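The primary structure of each chain is shown beneath.
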Amino acid sequence: MKVFVSATPEAAATLCAKHLARAAQAAIKERGSFHVALSGGSTPKLMYSALKGLPVDWEHVHIYFSDERSVGPDSEDSNYRAAKLGLLDHVSIPSAQVHRIEGERDPHEAAAAYTALLPARLDVVLLGMGDDGHTASLFPDTEGLHASGRVIANWVPKLDTWRISFTFAEINAARERWLLVTGASKAETLREVQNGMGGVEGHPVEGVQNALWYMDTAAAAQLKL
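Throughout what follows, the structure given in this document is the object of discussion. Only a predicted model underlies this, so the values are computations on that prediction, with no experimental measurement involved.

### Points about the nonpolar core
- F34, L38, M47 and W213 are the most contacted members of the largest nonpolar core, which has 69 residues in total.
- The element best represented in this core is helix α1 (residues 9–31), accounting for 10 residues.
- Those residues in contact with M47 that lie beyond four places of it in its chain are A13, C16, A17, L20, L38, L126 and L180.

If you want it as structure tokens, here you go:
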């Protein structure tokens, strides 16, 4: 595991944001644009707060999402809404360059539609990790763990709902994969992930290849670094 450990969740998110701004600058200089997929959950909100104050050429940035709940864009559960309120409303990115997953649609139709609009290759996929080791909306013991293609509808029995999610194939095809994980509740799972104790079925995040990890000291407490 390549890990950046910071003292607090805020510091970890700020470091991730600084590296993301730097990655955007490099991609725009080299290829003319930067294509990044954001994640859901609470931790990215700290990163959004830091990122909106950094110098980024938003005119050349395209925003995507690694997963979405089966809700509309105005729902409090929407990953898109969280990014909009925390970041996108505060920066000068053209609205046509924000590509949301239409969670209000039939999930299979939404997955197919999102597949059609993705770029050939994403520059960075930013992910989180749940206490159970899930990432994006690839949860333990779900069919999506072994799905092909780029974007899928994944039924999550323990939540009794559909989620729309990138597949591992799509995640691992990106130029870079970053995981922002904070909090003591993640420490034991991270130790198990480091030691390969659950496999993809038990800890789906183990399916993410060659990731960069951004953590606070509480999350990293049980790791061997």
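### Quick look at the sheet that holds strand β6 (residues 151–156)
- Strands sit in the order β4-β7-β6 across an open sheet of 3 strands; the sheet is antiparallel. The open sheet terminates on both sides in strands that have one partner only, identified here as β4 (67–69) and β6. Across the sheet, the mean angle separating the axes of adjacent strands is 25° when strand polarity is ignored.
- Here β6 pairs with strand β7 (residues 161–166) via 6 bridges, running antiparallel. If you follow I152 over to β7, its bridge partner there is S165.
- Its contacts with the sheet put helix α4 (residues 107–117) on β6 and β7, and the angle it makes with β6 is roughly 155°.

### Points about the pattern of salt bridges
- Taken as a whole, this structure holds 9 salt bridges when the rule is applied.
- The residue R31 makes a salt bridge to D123 at a minimum N-O spacing of 2.6 Å. With R31 in helix α1 and D123 in the loop between α4 and β5 (124–127), this residue pair connects regions lying 92 residues apart in the sequence.
- When its relative accessible area of 35% is taken as the criterion, R31 is described as partly exposed.
- A salt bridge links E102 to R105, with the shortest nitrogen-to-oxygen separation between them at 2.8 Å.
- Using a relative accessible area of 34% as the deciding quantity, one classes R105 as partly exposed.

Parameters and conventions
- Numbering of residues starts from 1 in each chain and follows the order in which that chain's sequence is written.
- In keeping with the predicted nature of the model, local features appear solely for residues at pLDDT of at least 70, side-chain atom pairs appear and are counted solely at 80 or more, and the whole-chain, interface and lining totals rest on all residues.
- Remark: hydrogens and water are excluded; side-chain values derive from all non-hydrogen atoms of the structure.
- The term nonpolar core refers to a set of buried residues drawn from Ala, Val, Leu, Ile, Met, Phe, Trp, Tyr and Cys, joined through side-chain atoms within 4.5 Å.
- Accessible area is worked out with a 1.4 Å probe on protein chains only. A residue is then buried under 20% of its type maximum, exposed over 50%, and partly exposed in between.
- Helix and strand labels come from DSSP, where a helix needs a run of H or I of at least four residues and a strand needs a run of E of at least two; each type is numbered from the N terminus.
- Residue contacts follow a heavy-atom distance rule, with two residues in contact if any of their heavy atoms lie within 4.5 Å.
- Strand pairing follows a simple DSSP-based rule, namely that at least 2 bridges must link the two strands.
- In this analysis an axis means a line fitted to C-alpha atoms, helices contributing only their contacting stretch, and an angle means the value between N-to-C directions, from 0 to 180 degrees.
- Put simply, a salt bridge is a Lys or Arg side-chain nitrogen that is within 4 Å of an Asp or Glu carboxyl oxygen.

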